[in-house]
Amino acid sequence: MSNKVRKETFPIVGMSCASCAARVDKTLNGVKGVESANVNYAAATAQVVFDEEVCSIGNLQAAVHHAGYELLASTSKDGKSAMDEAAEECKKRFEALKRDALIAGILGVAVFVLSMFFMESDVVKYIIWALSTVVIFFPGRRFYVNAWRQLMHFTSNMDTLVAVSTGIAYLFSVFNLLMPEFWLSRGVTPHLYFESSTVIIAFILLGRLLESRAKQNTSDAIGKLMGLQPKLVTVVGATGEELRPVDKVQVGDMIAVHPGERIAVDGVVVEGESYVDESMLSGEPVPVLKQQDTQVYAGTMNQKGAFRFRAGKVGADTVLSQIIRMVQDAQGSKAPIQKTVDRVASIFVPTIISIAIFTFVMWSIFATEEAFPHALLTAVTVLIIACPCALGLATPTAIMVGIGKGAEMGILIKDAESLEIAHNTNCVVLDKTGTVTEGHPEVADVLWEDDADQNKLEALLYGLEHRSEHPISDAVVRFLGMQNAAEPAAFAVIPGKGVTGNYEGVTYYAGSLSLMTDKGIRLSAYMKAKCKRWASDAHTVVVFADAERAFAAFAVSDKIKPTSVAAISHLHDMGVEVVLLTGDNRGAAEAVARKAGIRQVVAEALPQDKADFIKKLQQEGKVVAMAGDGINDSAALAQADLSIAMGRGSDIAMDTATVTILSSDLEKIPEMIHLSRLTVKTIRQNLVWAFVYNMIGVPIAAGALYPINGFLLNPMIGGAAMAFSSVSVVSNSLRLKRKKIQLTQKTIKTMTKKFSVDGMMCDHCRRHVEDTLNSIEGVKATVTLNPAVAEVEFGGKELSLDELQEVVLDKAGDYKMKAL
């Protein structure tokens, strides 16, 4: 396979219905060198994956042009981007459509009134003919031109139905007006259908105008994101500050940011400080402090301070540009259900034409009176009422709105298939560090053996840990704070367990208790007991040793995120099973799970163990979503049905997961599932409406009710119904924009009690009792030494004094509690 495979999204000009989109899709997929192509009628784009060595953009343009449409390249001859050119073309077409709809509407009303009340006058008949001719050949000419273009390519679309039906009604009326004796001599009264052809065109133009406006609203999210980047930026040069177009900024330029300005590119603060609104990244309104050496992102809004930063990523490389590309790709992708709809749309028009011909023949043969007028009327109505556009718009409009709304909330969904999978998710597997917890662990306690050469060994440990990228290692490095570390040789990472290295011929290890067990390393009885207590208090234990004995142990704690407990509770309420899957020790994992409300824990899992566990869940019939950092959990993320990367903009690899949550807020996971369920529900509503409309409308138009009650549907009513069927589908999708996706914050009733604590002699005792009480699920405690009092807040079930005392005696020591 060639290494020059390229994925590009191109605007398509000239599509007027779902059948057009189906034809362009088929055309592009038939081009040699194209691996896949998805055409989105709602977005008027084609997402194409093609081999540049076999197929050029020119080949794609030629194929689409031959099919009767235009594919716009990335950059036009006058330097405009394809999207800008498409936007201009769309604006021109919308203005022309608005003008034509207005003219057709005014003249259509005039024709209708004259036909209803003044038809007896021969002069009025010719006036009606003249007005109808204007409508047919001016506002309505688009239908006939497009239908002829389709005919030249031996295909058909929605315009074919409109052109054939209104054209037949118009020509039949002209014949009846000019040659009435042809029918009168045969005992048939000639009827005029000028008002039908005229009003049908007016209704369809009005419907397309409303549909076009509604479709523009479905892609608001992209417009809002693109509007976040300022056009001009203040660059600091040798002569001072100067304004420069943002596309002229280069990596390494010094950028000045003044109060109230948007940041134009990504970079690192060099001087000054300010609070910056990063809600476009995280979906959270709380401003973030920016000072020296902190990262800033394009599109974020500076508050009242001023600072300067060095440009690090510009143009298409900024986080904002990546988000825009990701949302565009996602909105242009197809949900699995859409592929079935596309197959229906591709044969829809020929099928309807066949039904109309069949209807005409049946009426001509079996009608007892006025057979020909009834046959013509019903055939025209069948052609008019049928609507593939509602089918074509049902899925993509809902997908565009759903993915756009997710982006506004800081939830980036990679494609439509991921959105569809999310609504079926019934099991969420969570990594611990950085997902359930803050991901900023700190050393809470340390134990060195008395005979250890601490100064020398600290330098060795620092040299090992600072070469590891794991957050736990970072915590140890920050705690040691060494300047002159010893650099070990033969450094290696032991996946899921720790690190190792060699110094002066001696092998050293830093890692978990299970690593020490695997290597047969000896721990003193006191260190073992200490490590066991740390683990039961939700601490991660890191042991430092050589090949024979342990020298030191560290207790590393990582706070549970404030939103984790509520997020997990929401997932349980939604019927989603939650599992904690971590490489950490069982004691720490179970303690975190208790506090977070997670019922199932898998601890001490290696990367491949995690992937195997995901596979086991899938074999049990579960649809599994896995949330992790996107790097260390890559095997499990790849195995999961839905992979979720947690992290802020520049801290994540956006390509590793199908969903990216920019803020690392666990609440976004139930919100994403809720959004998915609402979107899929909207898609189903749209499809039911589109199918039911056609299944009921076409038989009625063909005269199915005539034998029962003598009812024949007026073609004008059919035209109005067809026009508004598409509008109703798009409007239903737009309802998603007003839906409340954020889940209601849960309020937990609390009760506070005070207890005296006897036996505390120092602050170490006080902290030990406080930590022990806080390790109990649903308990938040504050302990003071003078007076010796524990104030305990119960967030769930209230525990008795005996239950609290039992935990304190077991974990903290001989401290006696009494109720106050």
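As a reminder, the structure under discussion sits directly above these lines.
The structure contained in this document is the topic of the report that follows. (Residues numbered from 1 in each chain as written. Predicted model: local features only at pLDDT ≥ 70, side-chain atom pairs only at ≥ 80, totals over all residues. Heavy atoms only, no water.)

## A short note on the overall build of the chain
Right, so step 1: Secondary structure summary: the chain contains 29 helices and 29 strands in total.
Right, so step 2: Projecting the C-alpha coordinates of the chain onto the three principal axes gives extents of approximately 125 × 70 × 50 Å.
Right, so step 3: Here the chain holds 820 residues, and 52% of them are scored as buried.
Right, so step 4: Excluding contacts between residues fewer than 6 apart, the proportion of contacts in the chain whose partners are at least 24 apart in sequence is 69%.
Right, so step 5: Working note: accessible area of the chain is about 36,900 Å², and carbon and sulfur atoms make up 56% of it.
Right, so step 6: Across the chain, the 80 positively charged side chains and the 90 negatively charged ones have centroids separated by 5 Å. (Helix = DSSP H or I, 4+ residues; strand = E, 2+ residues; numbered from the N terminus. Buried < 20%, exposed > 50% of the residue type's maximum accessible area, 1.4 Å probe, protein only. Contact = heavy atoms within 4.5 Å. Areas by Shrake-Rupley, 256 points an atom, 1.4 Å probe, with all protein chains shown as cover. Lys, Arg positive; Asp, Glu negative; His and termini not counted. Charge placed at Lys NZ, Arg CZ, Asp CG, Glu CD.)

## Structural notes on the side chain of Glu465
Right, so step 1: Summarising the element assignment, Glu465 is placed in helix α17 (residues 454-465).
Right, so step 2: The charged side chain of Glu465 is buried without a salt bridge, its nearest counter-charge being Arg467 at 10 Å.
Right, so step 3: With near-sequence residues (within four places) excluded, Glu465 lies in contact with Ser473, Val476, Val477, Val499, Ala510 and Val542. (Salt bridge = Lys/Arg side-chain N within 4 Å of Asp/Glu carboxyl O.)

## Quick word on the sheet that holds strand β1 (residues 5-13)
Right, so step 1: What the four strands build is an open sheet, ordered β2-β3-β1-β4; its pairing is antiparallel. On the outer flanks of this sheet lie β2 (34-40) and β4 (70-71), each paired with one strand and no other.
Right, so step 2: For β1 and β4, the ladder comprises two bridges, and the chain directions are antiparallel. Across the sheet, residue Val13 finds its bridge partner in β4, namely Glu70. (Pairing = 2+ DSSP bridges.)

## Focus on the pattern of salt bridges
Right, so step 1: If you walk through the whole model with that rule in mind, you get 23 salt bridges.
Right, so step 2: With its nearest N and O atoms 2.9 Å apart, the salt bridge here joins Arg549 to Asp451. Here Arg549, found in the loop between β19 (540-546) and β20 (550-557), pairs with Asp451, found in the loop between β15 (442-448) and α17; they are 98 residues apart in sequence, far enough to count as distant.
Right, so step 3: Salt bridges linked by common partners bring Glu577, Lys616, Glu620 and Lys622 together as one network.

## Quick look at the side chain of Ser132
Right, so step 1: The residue Ser132 is located in helix α4 (residues 122-137) in this model.
Right, so step 2: A relative accessible area of 0% means that Ser132 is categorised as buried.

## Some thoughts on the packing of aromatic side chains
Right, so step 1: Taken as a whole and assessed by the stated rule, the structure comprises 15 aromatic pairs.
Right, so step 2: Relative to Phe194, the ring of Tyr170 lies with its centre 5.8 Å away and its plane at 65°, an arrangement referred to as edge-to-face. Taken together, the residues span a long stretch of sequence, with Tyr170 in helix α6 (residues 158-178) and Phe194 in helix α8 (residues 194-218) at a distance of 24 residues. The exposure classification of Tyr170 matches that of Phe194, with both residues buried.
Right, so step 3: The interplanar angle of 80° and the centroid separation of 6.3 Å between the aromatic rings of Trp448 and Phe554 together place this pair among those described as edge-to-face. With Trp448 in strand β15 and Phe554 in strand β20, the pair connects residues that are 106 residues apart, well separated along the chain. No difference in accessibility class separates Trp448 from Phe554, as the two residues are buried.
Right, so step 4: Ring pairs connect the aromatic residues Phe172, Tyr193, Phe360 and Phe372, which therefore count as one cluster. (Phe/Tyr/Trp six-rings, centres within 6.5 Å; stacked < 30°, edge-to-face > 60°.)

## Concerning a nonpolar patch on the surface
Right, so step 1: A cluster of nonpolar residues, Val109, Phe112, Val113, Met116, Phe117 and Phe118, forms a patch on the protein surface that exposes about 580 Å² of accessible area.
Right, so step 2: With respect to the secondary-structure elements, Val113 resides in helix α3 (residues 82-117). (Patch = residues over 30% accessible without salt bridge, like charges linked within 9 Å, V, L, I, M, F, W, Y side chains within 5 Å.)

## Here we look at the packing of α6 against helix α13 (residues 371-385)
Right, so step 1: α13 packs onto α6 with a crossing angle of 155° between their chain directions and a minimal axis gap of 8 Å. When the interaxial angle is binned, α6 and α13 end up roughly antiparallel. For α6 against α13, the interelement crossing comes out left-handed. Between α6, through Leu161, Val162, Val164, Ser165, Thr166, Ile168 and Phe172, and α13, the contact on the second element is made entirely by Phe372, Leu376, Val380, Leu383 and Ile384. (Axes fitted to C-alpha atoms, helices over the stretch in contact; angles between N-to-C directions. Parallel < 35°, antiparallel > 145°, perpendicular 65-115°, else oblique. Left-handed = near helix turned anticlockwise from the far one by under 90°.)

## Things to note about the sheet that holds strand β24 (residues 642-646)
Right, so step 1: With mixed pairing, seven strands are arranged side by side in an open sheet as β13-β25-β24-β23-β14-β21-β22. With one partner strand each, in any of the chains shown, β13 (411-413) and β22 (600-602) form the two edges of the open sheet. Each neighbouring strand pair of the sheet contributes to a mean axis angle of 20°, computed without reference to strand direction.
Right, so step 2: As paired strands, β13 and strand β25 (residues 659-661) are joined by three bridges and run antiparallel to one another. Bridged to Ile411 within β25 is Ile661.

## Focus: the packing of helix α1 (residues 18-29) against helix α2 (residues 57-66)
When two helices pack together, their arrangement is given by the angle between the helix axes and the distance between those axes.
Right, so step 1: Remark: α1 packs on α2, axes separated minimally by 9 Å, with the N-to-C direction vectors making an angle of 140°. As the angle between them shows, α1 and α2 are arranged oblique. Seen from above, α1 lies across α2 with right-handed handedness. Contacts between α1 and α2 pair Val24, Thr27 and Leu28 from the former with Leu60, Ala63 and Val64 from the latter.
Right, so step 2: Across the contact of α1 with α2, the residue classes break down as five nonpolar, one polar and no charged. (Nonpolar A, V, L, I, M, F, W, Y, C, P; charged D, E, K, R; others polar.)

## Considerations on a negative patch on the surface
Right, so step 1: On the surface, Asp802, Glu803, Glu806 and Asp810 cluster together into a patch of negative charge.
Right, so step 2: With respect to the helices and strands, the residue Glu803 is situated in helix α29 (residues 801-811).

## Some thoughts on the environment of Ala147
Right, so step 1: Along the polypeptide, Ala147 turns up in helix α5 (residues 141-152).
Right, so step 2: In sequence terms Ala147 and Val162 are 15 residues apart; their C-alpha atoms lie 8.6 Å from each other.
Right, so step 3: Residue contacts for Ala147: discarding those within four places in its chain leaves Asp159, Thr160 and Ala163.

## Observations concerning the environment of Ala781
Right, so step 1: Summarising the element assignment, Ala781 is placed in strand β27 (residues 779-784).
Right, so step 2: Residue Ala781 is classed as buried on the basis of its relative accessible area, which comes to 5%.
Right, so step 3: In this structure, the C-alpha to C-alpha distance between Ala781 and Leu114, residues 667 residues apart in sequence, is 84 Å.

## Here's the deal with the state of the cysteines
Right, so step 1: In this structure the tally under the stated criterion is zero disulfides.
Right, so step 2: Of all cysteine sulfurs, the one in Cys765 lies closest to Cys762, which takes part in no disulfide; the gap is 3.6 Å.
Right, so step 3: Here Cys762 falls in the partly exposed class, since its relative accessible area comes to 31%.
Right, so step 4: Cys765 sits in the buried class, given a relative accessible area of 11%. (Disulfide = S-S within 2.5 Å.)

## Comments concerning unusual backbone geometry
Right, so step 1: We note that Asp293 has phi near 75°; this positive angle belongs to a residue other than glycine.
Right, so step 2: Following the sequence through the fold, Asp293 ends up in the loop between β9 (288-290) and β10 (295-296).
Right, so step 3: Here Asp293 falls in the exposed class, since its relative accessible area comes to 63%.
Right, so step 4: Its identity is not glycine, yet Glu604 carries a phi of approximately 55°, on the positive side.
Right, so step 5: Within the secondary structure, Glu604 is located in the loop between β22 and α23 (607-619).
Right, so step 6: Overall, the relative accessible area of 43% leaves Glu604 in the partly exposed class.

## Examining a positive patch on the surface
Right, so step 1: Together, Lys681, Arg735, Arg738 and Lys739 give the surface a local cluster of positive charge.
Right, so step 2: Residue position: Lys739 is located in the loop between α27 (715-734) and β26 (751-758).

## A short note on α5
Right, so step 1: When the terminal C-alpha atoms of α5 are compared, their 17 Å separation across twelve residues agrees well with the 16 Å that a helix rising 1.5 Å per residue should span.
Right, so step 2: Turning to α5, its buried residues number three or more, namely Phe143, Asn146, Ala147 and Gln150. Along the axis of α5, the buried positions cluster into a sector of 100°, meaning they face one direction only.
Right, so step 3: Within two residues after α5, Phe154 carries a phi angle of roughly 55°, on the positive side. (Expected span 1.5 Å × (residues − 1). Arc of directions from axis to C-beta.)

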